[in-house]
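The chain contents come next:
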Amino acid sequence: MLLPNKTIPYSESVISKFPVVLRFLQMHGQTKVGVMYGELKKSFSSIHAFVQTLDCLFALEKIKINEDGELLLC
């Protein structure tokens, strides 16, 4: 996981991507992961960074996934 430190600036850290995902969910509501990545991939360096961001938000109980495989805010 990319956390900010002396060599990794905040702008490249996974924490800086939290608002991007949360704002998207606020605006669009329930969304499939693939659709969200398609819309936000310009904001991420790789799909790995996108998945790490989702993992962190899920662990922090800021997002959840429903039985249809859609992400939503908690």
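Quick caveat, the model's predicted, so the values are computed rather than measured.

(A) Structural view of a nonpolar patch on the surface. Together, Leu3, Tyr10 and Ile15 make up a nonpolar patch on the protein surface, roughly 270 Å² of accessible area in all. Within the secondary structure, tyrosine 10 is located in the segment before helix H1 (18-28). When its relative accessible area of 48% is taken as the criterion, tyrosine 10 is described as partly exposed.

(B) Here's a closer look at the packing of aromatic side chains. Taken as a whole, this structure holds 2 aromatic pairs when the rule is applied. Between the aromatic rings of phenylalanine 44 and phenylalanine 50, the centroid separation amounts to 5.2 Å while the plane-to-plane angle is 85°, which identifies the pairing as edge-to-face. When sorted by exposure, phenylalanine 44 lands in the same class as phenylalanine 50, which is buried. Each member of the aromatic cluster is reached from another via a ring pair, and the members are Tyr37, Phe44 and Phe50.

(C) Local environment of H1. Those residues of H1 lying buried are Phe18, Val21, Phe24 and Leu25. Axial view of H1: buried residues confined to an arc of 145°, hence all on one face. Exposed side of H1, more than 90 degrees from the buried face: Gln26 and Met27 are the residues found there. Residues of H1 that are buried sit in contact with strand E1 (31-32), helix H2 (33-40), helix H3 (47-59), strand E2 (63-65) and strand E3 (70-73). Phi turns positive, to about 75°, at glycine 29, one or two residues after H1.

Parameters at a glance
Residues numbered from 1 in each chain as written. Predicted model: local features only at pLDDT ≥ 70, side-chain atom pairs only at ≥ 80, totals over all residues. Heavy atoms only, no water. Patch = residues over 30% accessible without salt bridge, like charges linked within 9 Å, V, L, I, M, F, W, Y side chains within 5 Å. Areas by Shrake-Rupley, 256 points an atom, 1.4 Å probe, with all protein chains shown as cover. Salt bridge = Lys/Arg side-chain N within 4 Å of Asp/Glu carboxyl O. Helix = DSSP H or I, 4+ residues; strand = E, 2+ residues; numbered from the N terminus. Buried < 20%, exposed > 50% of the residue type's maximum accessible area, 1.4 Å probe, protein only. Phe/Tyr/Trp six-rings, centres within 6.5 Å; stacked < 30°, edge-to-face > 60°. Arc of directions from axis to C-beta. Contact = heavy atoms within 4.5 Å.

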